[in-house]
Amino acid sequence: MSVPGKAPIKVVLTGAAGQIAYSLLPKLLDGSVFGADQPVFLGLLDIQPSMTMLGGVIMELEDLAYPCYAGSVGTTDPAVAFKDADVCVFLGAFPRKEGMERKDVMGMNVKIFNEQGAAVAAHAKPTVKCLVVGNPANTNAAILLSAMGGKIPAKNVTALTRLDHNRATSQLAMKAGVAMTDVAGVFIWGNHSSTQYPDVRHATVKGTPALSVVDAAWLEGEFITKVQKRGAAIIEARKLSSAMSAAVAIADHLRDWIKGTNGRAVSMAIFQSEGAYGVDSDICYSFPVTCDQGEWTIVMGLPIDAFSKTRMDATHKELKEERALAEELIKPVAIN
Ligand code: NAD
Ligand code: LMR
């Protein structure tokens, strides 16, 4: 397909026939994430039982008639999908069902990420940017990175906590009765799980500290629990996990990472090697970051009080345990 302007970038979605991909694909092609002058070629990876569905999705991509669409390849072969990829979004995973914790799906999902990490390292561009969404997202990202064997820099592998960030910002704005844009400085620390810590201690509402505007008991109780359990509440109501809001959060994460945040801090789960806020370097932990020219930087020097420290440590502990369990699950079985 001939598209005017710049050379196309290749954006890969795994789980491309799934429900998040269905909401995400138009956003990747409408110019809001990569730029209105940036053509996008899509690598669409899924498994054999979803191929007929994926064929229908590709027909709809054509029918959008978006100028940024530079074509696509739908495939079950990771080598084809990841070849020369610039950006990969990992959606392909078994989704959590009602009553399950995210780590309950770990056995099914870490194996997928172990295989795909090796395939990305072998076939994608060495500069590829990766965003893991399939749950347990942070630990899948850790498995993906370790399977890449050092071929892709750790700073290029991230997991999605922007959905939690958006949920927390929205809850605070609704409680304060202000516009979303009046709230700043809400961050997610740690795991995309029910141990995550949505932190409002540095947040402001119309420039005033949130803790002096909104009832502190609510902020330290119901608010935290609501954000932590929002994914489960949506599954209970929809009998499906969140998709529309997840797709928007993915677009937010990618746009901010690539185009920059203009000094505004957002939440991203990342690997860092400086022991920032006492976090281990081999776990994918959500921090407040700013982004500029395609690179994130952790917001350092935030004062952490005892209330926050307890919660940041709890989610750190869970991530260490999840990583150990995931490594156990992908260990080759010894045959005598
Ligand atoms: P879905 O079941 O609708 O789609 C998943 C797709 O992945 C399916 O098309 C399936 O065929 C495919 N798939 C399965 N195994 C694959 C493999 N090995 N390779 C490639 N594709 C494979 O699920 P969904 O609702 O789109 O959710 C996708 C994932 O995102 C789930 O793990 C869900 O729990 C997670 N999720 C994460 C967040 C977050 O904030 N991190 C938010 C919402 C959902
Ligand atoms: C969410 O937070 O909505 C998703 O991670 C779905 C889930 O598995 O909880």
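Residues numbered from 1 in each chain as written. Chains lettered and ligands numbered in written order. Predicted model: local features only at pLDDT ≥ 70, side-chain atom pairs only at ≥ 80, totals over all residues. Heavy atoms only, no water.

**With respect to the UniProt feature "domain: Lactate/malate dehydrogenase C-terminal" (unreviewed entry) in the protein**
Our working rule: UniProt positions are given in the numbering used here, feature names are shortened, and annotations may be inferred rather than shown by experiment. The way it works is that DSSP assigns letters per residue, a run of H or I at least four long becomes a helix, a run of E at least two long becomes a strand, and they are numbered from the N terminus.
UniProt records the feature "domain: Lactate/malate dehydrogenase C-terminal" (unreviewed entry) at residues 161-327, using the numbering of this structure. End-to-end, the C-alpha atoms of residues 161-327 are 22 Å apart, and along that stretch the chain is 47% helix and 17% strand.

**Some thoughts on helix H2 (residues 51-64)**
Selection rule: What a helix is expected to span follows from its residue count: subtract one and scale by 1.5 Å. Relative accessible area decides the class of each residue, using a 1.4 Å probe on protein chains only: under 20% of the type maximum gives buried, over 50% gives exposed, and in between gives partly exposed. The directions from the helix axis to the C-beta atoms are what the arc is built from.
With 14 residues, H2 should cover 20 Å at 1.5 Å per step; its first-to-last C-alpha distance of 20 Å lies within 8% of that length. Within H2, the full set of buried residues consists of Met51, Leu54, Val57, Ile58 and Leu61. One face of H2 carries all of its buried residues, which in axial projection span an arc of 105°. In this structure, H2 carries Thr52, Met53, Met59 and Asp63 as exposed residues pointing more than 90 degrees from its buried face.

**Details of the site of ligand 1**
Spelled out, the test is: Near is defined per residue: the residue qualifies when any heavy atom it owns lies within 4 Å of the molecule or strand. Polar contact is the term for a pair of N or O atoms within 3.5 Å; when the atoms are in protein, one must be able to donate a hydrogen and the other to accept it, and sequence-neighboring residues count only if both atoms are side-chain atoms. Every accessible area reported is derived by Shrake-Rupley at a probe size of 1.4 Å, with residue values counting cover from the shown protein chains alone. Put plainly, a pocket is an open set of points on a 1 Å grid over the protein atoms alone with protein on both sides within 12 Å along at least five of seven lines, a cavity is a set where a 1.4 Å probe fits but cannot get out, and a lining residue has an atom within 4 Å of a point. Whether a molecule lies in a cavity or pocket depends on its atoms, and more than half of them have to be within 2 Å of the grid points. Under the scheme applied, nonpolar residues are Ala, Val, Leu, Ile, Met, Phe, Trp, Tyr, Cys and Pro; charged residues are Asp, Glu, Lys and Arg; polar residues are all the others, including Gly.
The full set close to ligand 1 counts 25 residues, and Gln19, Asp46, Ser50, Val133 and Asn135 are the nearest of them. At a separation of 2.9 Å, an oxygen atom of ligand 1 approaches a polar side-chain atom of asparagine 135. Here histidine 192 contributes a side-chain N or O atom positioned 3.2 Å from an oxygen atom of ligand 1. For ligand 1, the protein covers 87% of the area, taking 870 Å² as the surface of the free molecule. With respect to the detected pockets, ligand 1 is housed in the largest pocket. Elements represented by at least two residues in the shell around ligand 1 include exactly helix H1 (19-29) and helix H4 (106-123). For the shell around ligand 1, the per-class residue count stands at 12 nonpolar, 11 polar and 2 charged.

**Points about the sheet that holds strand S10 (residues 204-205)**
Quick reminder of the rule: Pairing between two strands requires that DSSP report at least two bridges joining them.
With antiparallel pairing, the 3 strands of this open sheet are ordered in space as S7-S10-S11. Edge strands, defined here as strands with exactly one partner in the open sheet, are strand S7 (183-184) and strand S11 (208-209). Note that S10 and S11 share 2 bridges and pair antiparallel. Residue threonine 204 lies in a different strand from S11, and its bridge partner there is proline 209.

**Observations concerning the pairing of strand S13 (residues 285-292)**
Burial analysis of S13 places 6 of its 8 residues in the buried class, the great majority of the element. As judged from the 5 bridges shared by strand S12 (residues 266-270) and S13, these two strands associate in the antiparallel manner. The residue of S13 that forms the bridge with valine 266 is valine 289. The pairing of S13 with strand S14 (residues 295-298) spans 4 bridges and is classified as antiparallel. From the neighbouring strand, cysteine 291 faces S14, where its bridge partner is tryptophan 296. Turn length for the S13-S14 hairpin, with the two strands adjacent in sequence and antiparallel, is 2 residues, and the turn residue glutamine 293 shows positive phi of about 50°.

**Remarks on unusual backbone geometry**
Between asparagine 135 and the following residue, proline 136, the backbone shows a cis peptide bond with an omega angle of -5°. Relative to the elements of secondary structure, proline 136 occurs in the loop between strand S5 (129-132) and helix H5 (137-147). Not every positive phi belongs to a glycine, and aspartate 84 is a case in point at roughly 60°. Position of aspartate 84 among the secondary structure elements: in the loop between helix H3 (78-82) and strand S4 (87-90). The backbone of tyrosine 277 sits at a positive phi, close to 50°, despite the residue not being glycine. Locating tyrosine 277 in the fold gives a position in the loop between S12 and S13.

**Looking at the UniProt feature "binding site: substrate" (unreviewed entry) in the protein**
Basically, it comes down to this: A contact between two residues is defined here by any heavy atoms of the two lying within 4.5 Å.
As recorded in UniProt, the sites labelled "binding site: substrate" (unreviewed entry) are Arg96, Arg102, Asn135 and Arg167. Lining the largest pocket, from the set of annotated residues above, are Arg96, Arg102, Asn135 and Arg167. For arginine 96, a relative accessible area of 10% gives the class buried. Assignment of secondary structure puts arginine 167 in helix H6 (residues 162-176). In this structure, arginine 167 is in contact with His192, Val227, Arg230, Gly231, Ile234 and Ser242, ignoring residues within four places of it in sequence.

**A short note on the layout of surface pockets**
What counts here: Grid points are joined across faces, edges and corners, and a volume is the space filled by probe spheres set on the points.
Quantified by volume, the largest pocket comes out at close to 960 Å³. If you list the elements that add at least two residues to the lining of the largest pocket, you get H1, H4, H6 and helix H10 (230-238). Of the residues contributing to the lining of the largest pocket, the split by class is 21 nonpolar, 15 polar and 7 charged. Estimates place the volume of the second largest pocket at around 270 Å³. Looking at the second largest pocket, it is lined by 13 residues, and the ones nearest its centre are His165, Thr169, Met180, Val183 and Arg264. The element best represented in the lining of the second largest pocket is H6, accounting for 5 residues. Class assignment of the residues belonging to the lining of the second largest pocket gives a composition of 5 nonpolar, 5 polar and 3 charged.

**Remarks on the nonpolar core**
This is how it is decided: By convention a nonpolar core is built from buried Ala, Val, Leu, Ile, Met, Phe, Trp, Tyr and Cys residues, the set being connected through side-chain atoms within 4.5 Å.
Leu172, Phe223, Tyr285, Phe287, Val289 and Trp296 are the most contacted members of the largest nonpolar core, which has 37 residues in total. Broken down by secondary-structure element, the contributors of at least two residues to this core are H6, strand S8 (187-189), helix H8 (216-220), helix H9 (222-228), S12, S13, S14 and helix H12 (306-330). In terms of residues, this core owes the most to one element, S13, which gives 4 residues. For leucine 172, the residues in contact, after removing those within four places along its chain, are Val183, Val186, Val200, Ala203, Val205, Ala210, Val214, Leu219 and Phe223.

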